[in-house]
Amino acid sequence: MNEREVVLEILLDIEKNGTFSNIAIGKALRKSQFEEKRKRSFIMRLAEGVTEKRYTLDRVIDMYSKTKVNKLKPLIRVCLRMGIYQMLYMDSVPERAAIYETVGLVKSHGMKGLSGFVNAVLRSVGRNRDEVMGKIEKDPLLKYSVPKWLYEYINDLYGEENTAKVFESGEKERPTSLRVNCLKTGRDELMAKLSEAGITAEKGKYSDSAILISDYDFIRKVPGFRNGEFTVQDESSQVAVRTAFDCFIAARDERKHNNTVMPEVLNNNDDPFENENISVIDMCAAPGGKTTYISELIEKSSPGKGKVLSFDISEDKTDLILENVERLGLTNVDVSVSDATGEREDLYSKADIVIADVPCSGLGIMGRKNDIKYRVKDTDIEELRAMADTILDNAVKYLKPGGILLFSTCTITKTENEEASEALMRRHHMLTKLSEHKYIQGVDMCDGFYFSVFRNDQE
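Residues numbered from 1 in each chain as written. Predicted model: local features only at pLDDT ≥ 70, side-chain atom pairs only at ≥ 80, totals over all residues. Heavy atoms only, no water.

1. A short note on the packing of helix α1 (residues 3-17) against helix α5 (residues 74-89)
Interhelical geometry of α1 versus α5 gives an angle of 125 degrees and a closest axis separation of 10 Å. Here α5 runs oblique to α1, going by the angle between their axes. Note that α1 runs across α5; the crossing there is right-handed. Contacts from Arg-4, Val-7, Leu-8, Leu-11, Leu-12, Glu-15 and Lys-16 in α1 reach Pro-74, Leu-75, Arg-77, Val-78, Cys-79, Arg-81, Met-82 and Gln-86 in α5. (Axes fitted to C-alpha atoms, helices over the stretch in contact; angles between N-to-C directions. Helix = DSSP H or I, 4+ residues; strand = E, 2+ residues; numbered from the N terminus. Parallel < 35°, antiparallel > 145°, perpendicular 65-115°, else oblique. Left-handed = near helix turned anticlockwise from the far one by under 90°. Contact = heavy atoms within 4.5 Å.)

2. Some details on the nonpolar core
Membership of the largest hydrophobic core comes to 47 residues, with the highest contact counts inside it found for Leu-8, Ile-10, Leu-46, Leu-80, Met-82, Ile-84 and Leu-88. Broken down by element, the residue count for this core peaks at 11 residues, all from α5. Counting 30 residues, the second largest nonpolar core, distinct from the first, contains Phe-245, Tyr-293, Val-333 and Ile-404. (Core = buried A, V, L, I, M, F, W, Y, C linked by side-chain atoms within 4.5 Å. Buried < 20%, exposed > 50% of the residue type's maximum accessible area, 1.4 Å probe, protein only.)

3. Here we look at the pattern of salt bridges
Pairs can form between side chains of opposite charge once their charged atoms are near each other. Tallied over the entire structure, the rule returns 34 salt bridges. Between Asp-352 and Lys-400 there is a salt bridge, with the nearest N and O atoms lying 3.3 Å from each other. Separated by 48 residues along the polypeptide, Asp-352 in strand β8 (residues 351-357) and Lys-400 in strand β9 (residues 399-409) bring together distant segments of the chain. Take Asp-352 and Lys-400: they sit in the same class, and that class is buried. Linking Arg-385 and Asp-389 is a salt bridge whose minimum nitrogen-to-oxygen distance equals 3.0 Å. (Salt bridge = Lys/Arg side-chain N within 4 Å of Asp/Glu carboxyl O.)

4. Section: the sheet that holds β8
Strand order in this open sheet of seven strands is β7-β6-β5-β8-β9-β11-β10, and the pairing throughout is mixed. Each edge of the open sheet carries a strand with a single partner, namely β7 (333-337) and β10 (431-439). The sheet shows a mean angle of 15 degrees between the axes of neighbouring strands, direction not considered. Taken together, the five bridges between strand β5 (residues 278-282) and strand β6 (residues 306-312) define a ladder with parallel strand orientation. Residue pairing in the sheet places Val-280 in a bridge with Val-308 of β6. Running over the sheet, helix α17 (residues 418-427) touches β9, β10 and β11 (449-456) and is turned about 175 degrees from β10. (Pairing = 2+ DSSP bridges.)

5. Regarding helix α4 (residues 54-64)
Because an α-helix completes one turn every 3.6 residues, residues spaced three or four positions apart along the sequence face the same direction. Listing the buried residues of α4 in full gives Thr-56, Leu-57, Asp-58, Val-60, Ile-61 and Asp-62. Contacts made by the buried residues of α4 are with α3 (37-52), α5, α7 (115-127), α8 (129-138) and α9 (140-143).

6. Description of the confidence of the model for the protein chain
Residue-level pLDDT values for the protein chain average 93, and 95% of them are 70 or greater. This stretch, residues 261-269, has a pLDDT under 50; its non-local contacts, to residues over four places away or in other chains, come to 14 contacts. (pLDDT = per-residue confidence, 0-100.)

7. Things to note about the environment of Met-387
Its place among the elements puts Met-387 in helix α16 (residues 378-398). Among all residues touching Met-387, those that are not within four sequence positions of it are Thr-341 and Pro-359.

8. Details of the side chain of Thr-176
Of note, Thr-176 is situated in strand β1 (residues 176-180). Within the structure, Thr-176 has its side chain in polar contact with the side chain of Tyr-216 (distance 2.7 Å). Once you skip the residues sitting within four places of it in the chain, Thr-176 turns out to touch Ile-211, Leu-212, Ile-213, Tyr-216 and Val-232. (Polar contact = N/O pair within 3.5 Å; in protein donor to acceptor, adjacent residues only side chain to side chain.)

9. Here we look at the side chain of Gln-86
Here Gln-86 shows up in helix α5. What makes Gln-86 buried here is its relative accessible area of 0%. Contact partners of Gln-86, with chain neighbours within four places excluded, come to Arg-4, Phe-42, Leu-46, Val-93, Ala-98 and Thr-102.

10. Notes on the sheet that holds β1
The four strands lie next to each other as β2-β3-β1-β4, forming an open sheet whose pairing is antiparallel. Edge positions in the sheet fall to β2 (200-203) and β4 (230-232), since each has one partner strand and no second. Sheet twist, expressed as the average angle between the axes of neighbouring strands with direction ignored, equals 35 degrees. In the packing of helix α14 (residues 315-328) onto the sheet, contacts are made with β1 and β4, and the angle to β4 comes to roughly 155 degrees.

11. Some words on the pairing of β1
Within β1, five of the five residues are buried, which leaves the element mostly enclosed by the surrounding structure. In this structure, β1 lies alongside strand β3 (residues 210-214), joined through four bridges in antiparallel fashion. Directly across from Arg-179, in β3, lies its bridge partner Ala-210. Note that β1 and β4 share three bridges and pair antiparallel. What sits directly across from Leu-178, in β4, is Val-232.

12. As for α14
Relative to the 20 Å expected for 14 residues at 1.5 Å per residue, α14 spans 20 Å between its end C-alpha atoms, a close match to the ideal helical length. For α14, every residue scored as buried is listed here: Thr-318, Ile-321, Asn-324, Val-325, Arg-327 and Leu-328. Where α14 is buried, its residues touch β1, β4, α13 (289-301), β6 and β7. (Expected span 1.5 Å × (residues − 1).)

13. Quick word on the pairing of β5
Of all the five residues making up β5, five are buried; the element is thus mostly covered by neighbouring parts of the structure. Once the chain exits β5 it traverses α13 before rejoining the sheet at β6, and the crossover so formed is right-handed. Inspection of the sheet shows β5 paired to β8 by three bridges, in the parallel sense. Bridging from a neighbouring strand, Ile-281 pairs with Val-354 of β8. (Right-handed = clockwise from strand over helix to strand, strands pointing away.)

Right, dumping it as structure tokens:
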């Protein structure tokens, strides 16, 4: 296997087809899972690095190419990015090897006539490497490889110090956050199994269900994965689900203490929650992290007395949910295709808990999905907020009196988070906010994430 050929295929998939980087990289790594770990590590490092540093690499190309980067053929543009990234950011790759291998890729793809051009640009960058690195270090847009509008946007929100932490976090290796399946094992038991396999495992910082792992080969080969003892889920998301569940339990206990009766669910043939004691709706559920966690918590708390109705907009997305539900061995989840922006009268006042992890700009997970910062435009934020408002309004309609709503995003903008939360309460006066938290990547030791939890106090 030629590792650079694999990386070129990944990057061309992203460049030509608009494939998200995590999907393109994941697909390639699954194909090569039986190759040496060293080769897979090189593929991931180069593919993620070129994607992460695309803005900077293109500016460097423009410094030394007579043809501007946006005028180059896609293959030449991608090959130059690969070569320059190795020369500037991969000390383990000799400059001569980076140039030789990049020129070889150009020739092997039928563009021998342009190999001299590629060779000349790369050699110019090599001769001026110290000057190039000096320019990169002085300019925050180049240092963090971020579009100007986005840097200024985050800087206005959080100030220069925290903005640096946000963008630097994307360049640092972080352990992978697992969530222990409480129906199958315990955290200490799973950590011992992982340690025996030579995997570095430590307890999470924020969630008592989390294990942070590093020094592993391939997630599907990690002990416990195939038999559903854990799933991958960031701690911030785990905390959100657990907070909503705890709020539901507290509200239920308060009603019992006050000797009040929970409203009965409607009893008809179309009722997905008929004869169930705890009902949950997860509206934008893929890939299923929140669905499966709430499912586990309900089953642990009240065995056989809960149902989670989980849906998303397409079969591709619901297939991801089903895959996780089946692997984890969960039996209290129904999965279906449904558009969260459309009202469903059959779900009015049916749920004890509604989870609405709404579509957002994704700026909290830029470090894990390196191309988000290039895909998102400033105009997208308001459009996404409008969609979120529609979904949240529907979510409120699905709540029973006394029910709990979890609103969450994987972004760090106030427009999509705090302002959306306040606007929701202005539109629905019966809602009481019980909890609210925002994690900022780089400042906190997890993804950037926001959630707020509400109770429906309507009689």
